[in-house]
Amino acid sequence: MAKRACNFFAKRRRMCFQKGFQVSHLKTRGGSVGHSSNVKRQHDSMDGLKPFPHFATQALHVGQEPEQWNSMAVVPPISMATTFKQSAPGKHAGFEYGRSGNPTRNSLEKCIAALENAKHGLCFSSGLGCTVAITHMLSTGDHIVSMNDLYGGTNRYFRKVASRMNIKISFVDATDPAKVAEAMTPMTKMIWIETPTNPTMQLVDIKAVSDIAHRQSNCFVVVDNTFMSPYFQRPLDFGADMVMHSLTKYMNGHTDVIMGAAATNDDNLEQQLRFLQNALGPVPSPFDCFLVNRGLKTLAVRMKEHMKNGLEVARWLEADSRVCKVLHPGLPSHPHHELAKRQMRGYSGMVTFYIDGGETEASKFLKSLKLFTLAESLGGFESLAEHPGIMTHASIVKEERESLGIHDNLIRLSVGIEDIEDIIEDLDQALKAAFKDS
């Protein structure tokens, strides 16, 4: 199956070259790594960058005001208290119990709301904890329309946990808004999408899907923005009702925190979710909030480097004969490239590609990497690589994985912010090792 897919992608790529499509760097199998000058490469890689105004300033200052603390601390302090003194029964100074609210968490939630251009931000102990809380806004008998290609943990939760609460879920190809419309029922209360999707990097038209959802009352749209971060994409600006993140990834960016978040402009949705945040209890520790708050201060700087390196890697891989197809929305060859230019301000460091061959070649490649770390997760400063079919999406049955394009030769890269020459060199030597005996 993977070999047939590879042959199909190879034909498509040859057609692109016959039509005059050019890539930045060309390299033949087993040849030396080819590079243009650093200046030209960096310029080409950043052509699509259109930052939101004042983003870095907001990341540094919103929710961080020294005046909110008696100490006038420039950096929000870590408030580890689990309970807070009251001046009289029921009379508190804004905080009563650590699960219900925390000063350090409040600072982070305000900052996240600002970065997503939202009124409200809410933090959770993990991205899945956030997903669970959002889903608990629904009732028995309600219906969810979900993108069929999405994070393996979300897929597992919807299929094996939420479904047991008699919540109906329809998985559809949301890249075609007509299929979303066809799946809608009078009981549809939530539409859940990722864009780009994990791991095949498909894009969903947020505005088109949101317009469909809002044709009926009490249906809201949630967009998982983990792969992009608000530096490159703000789903609420296109009509989505709520945006969520695994803060573990790009938002924190240092591979040392598990946390999730949601943001919204809808007061009613915020009140419901705030109640569930307290009632269910999936809240993060104050120390973790401090770490994510600190990570956000370099988000703008990091994402520029992720974009530059990610595009460079995507272009390099696309020109390599040992690679069948590269999935990156910044490439003109991506089927949703035009949507990417309308909906996104740039691209993260996520690159997915099909290696020539099958699971054997993919495994050899992954085991031969030296700079890249073979590990799950993404969005940290370091480069990571993984095999979705065996690792992050192993909980999805093989037949469904195949139908989604998650073949045995699919490899997902989270390109970090190391020097690009070192990244390319590592990919090249790993590809040589994968085909050493061929």
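Please read all numbers here as calculations on a predicted model, not as lab measurements.

Undergrad: How should the side chain of Thr200 be read in this particular structure?
TA: Considering the arrangement of structural elements, one finds Thr200 in the loop between strand E4 (188-194) and helix H8 (206-213). Taking the relative accessible area as the measure of exposure, Thr200 reaches 6% and is therefore buried. Reaching out from Thr200, the side chain makes a polar contact with the side chain of Asp149 at a distance of 2.3 Å. The residues contacting Thr200, other than those within four sequence positions of it, are Asp149, Leu327, Leu404, Gly405, Ile406 and Leu410.

Undergrad: Looking at this structure, how should I read the sheet that holds E4?
TA: The pairing of strands in a sheet comes from backbone hydrogen bonds and takes either a parallel or an antiparallel form. Taking strand neighbours across the sheet as the criterion, the seven strands line up as E1-E7-E6-E5-E4-E2-E3 in an open arrangement whose pairing is mixed. The open sheet has two edge strands with one neighbour each: strand E1 (120-124) and strand E3 (168-172). Within the sheet, the average angular offset between the axes of one strand and its neighbour, ignoring direction, is 20°. Examined bridge by bridge, strand E2 (residues 143-147) and E3 share five bridges and lie parallel to one another. Its bridge partner lying in E3, Ile144 is registered against Ile169. Lying on the sheet, helix H5 (residues 127-135) is in contact with E1, E2, E4, strand E5 (220-224), strand E6 (242-246) and strand E7 (260-264); it crosses E6 at an angle near 150°. Lying on the sheet, H8 is in contact with E4 and E5; it crosses E5 at an angle near 155°.

Undergrad: Would you take a moment to explain the packing of helix H11 (residues 299-318) against helix H15 (residues 420-434) for this structure?
TA: Packed helices, taken two at a time, are described by the angle their axes make and the gap between the axes. Two numbers describe how H11 lies on H15: the axes approach to 10 Å, and their chain directions differ by 35°. You can see that H11 and H15 cross each other, and the crossing is right-handed. Each of Asn309, Glu312, Val313, Trp316 and Leu317 in H11 lies in contact with H15, whose residues at this interface are Ile420, Ile423, Ile424, Leu427, Asp428 and Leu431.

Undergrad: Is there a simple way to explain the pairing of strand E8 (residues 323-327) in this structure?
TA: Here E8 lies mainly inside the structure; five of its five residues are buried. Sheet analysis places E8 next to strand E9 (residues 350-355), joined by four bridges and oriented antiparallel. Residue Val326 lies in a different strand from E9, and its bridge partner there is Phe353.

Undergrad: What is the right way to look at the pattern of salt bridges in this model?
TA: Where side chains of opposite charge bring their charged atoms close, a pairing between them can arise. One pass over the full model with this rule turns up 16 salt bridges. The closest approach of N and O atoms between Asp205 and Arg342, which form a salt bridge, is 4.0 Å. Here Asp205, found in the loop between E4 and H8, pairs with Arg342, found in helix H12 (residues 337-343); they are 137 residues apart in sequence, far enough to count as distant. Asp205 gets classed as partly exposed once you look at its relative accessible area, which sits at 22%.

Undergrad: Please explain the packing of helix H4 (residues 103-115) against helix H10 (residues 286-296) as it appears in this structure.
TA: With their axes 8 Å apart at the nearest point, H4 and H10 run at an angle of 35° to one another. Note on packing geometry: the crossing formed by H4 with H10 is left-handed. For the pair formed by H4 and H10, the contact residues are Thr104, Arg105, Leu108, Cys111, Ile112 and Leu115 on the first element and Pro286, Cys289, Phe290, Val292, Asn293 and Leu296 on the second. In terms of residue class, the contact of H4 with H10 is built from nine nonpolar, two polar and one charged.

Undergrad: It is not clear to me how the confidence of the model for the chain should be interpreted in this structure. Could you clarify?
TA: Note that predicted coordinates carrying low pLDDT should not be read in detail. In this model, the chain carries an average pLDDT of 91, and 89% of its residues clear a pLDDT of 70 or more. Contacts of residues 8-39 to residues separated by more than four positions or lying in other chains number 53 contacts, the stretch itself having pLDDT below 50.

Undergrad: Explanation requested: the packing of aromatic side chains in the structure shown.
TA: In total, this model carries seven aromatic pairs according to the counting rule given. Seen in terms of ring centroids, Phe287 and Phe290 are 6.2 Å apart; in terms of plane orientation they differ by 25°. Their pairing is stacked. You can see Phe287 and its partner Phe290 sitting in helix H10, three residues apart, about one turn around the helix. The residue whose ring lies beneath Arg159 is Phe171, and the NZ or CZ to ring-centre distance is 3.9 Å. The ring of Phe52 carries Arg234 above its face, with NZ or CZ at 4.2 Å from the centroid.

Undergrad: It is not clear to me how the sheet that holds strand E10 (residues 373-374) should be interpreted in this structure. Could you clarify?
TA: Taking strand neighbours across the sheet as the criterion, the five strands line up as E8-E9-E12-E11-E10 in an open arrangement whose pairing is mixed. Each edge of the sheet is formed by a strand with only one pairing partner; in this case those strands are E8 and E10. Examined bridge by bridge, E9 and strand E12 (residues 410-414) share five bridges and lie antiparallel to one another. Looking at the pairing, Phe353 lines up with Ile411 of E12. This element, helix H13 (residues 359-368), spans E9, E10, strand E11 (384-386) and E12 of the sheet and lies at about 135° to E9.

Thresholds, definitions, all that
- Residues numbered from 1 in each chain as written.
- Predicted model: local features only at pLDDT ≥ 70, side-chain atom pairs only at ≥ 80, totals over all residues.
- Heavy atoms only, no water.
- Helix = DSSP H or I, 4+ residues; strand = E, 2+ residues; numbered from the N terminus.
- Buried < 20%, exposed > 50% of the residue type's maximum accessible area, 1.4 Å probe, protein only.
- Polar contact = N/O pair within 3.5 Å; in protein donor to acceptor, adjacent residues only side chain to side chain.
- Contact = heavy atoms within 4.5 Å.
- Pairing = 2+ DSSP bridges.
- Axes fitted to C-alpha atoms, helices over the stretch in contact; angles between N-to-C directions.
- Left-handed = near helix turned anticlockwise from the far one by under 90°.
- Salt bridge = Lys/Arg side-chain N within 4 Å of Asp/Glu carboxyl O.
- Nonpolar A, V, L, I, M, F, W, Y, C, P; charged D, E, K, R; others polar.
- pLDDT = per-residue confidence, 0-100.
- Phe/Tyr/Trp six-rings, centres within 6.5 Å; stacked < 30°, edge-to-face > 60°.
- Lys NZ or Arg CZ within 6 Å of the ring centre and 35° of its normal.

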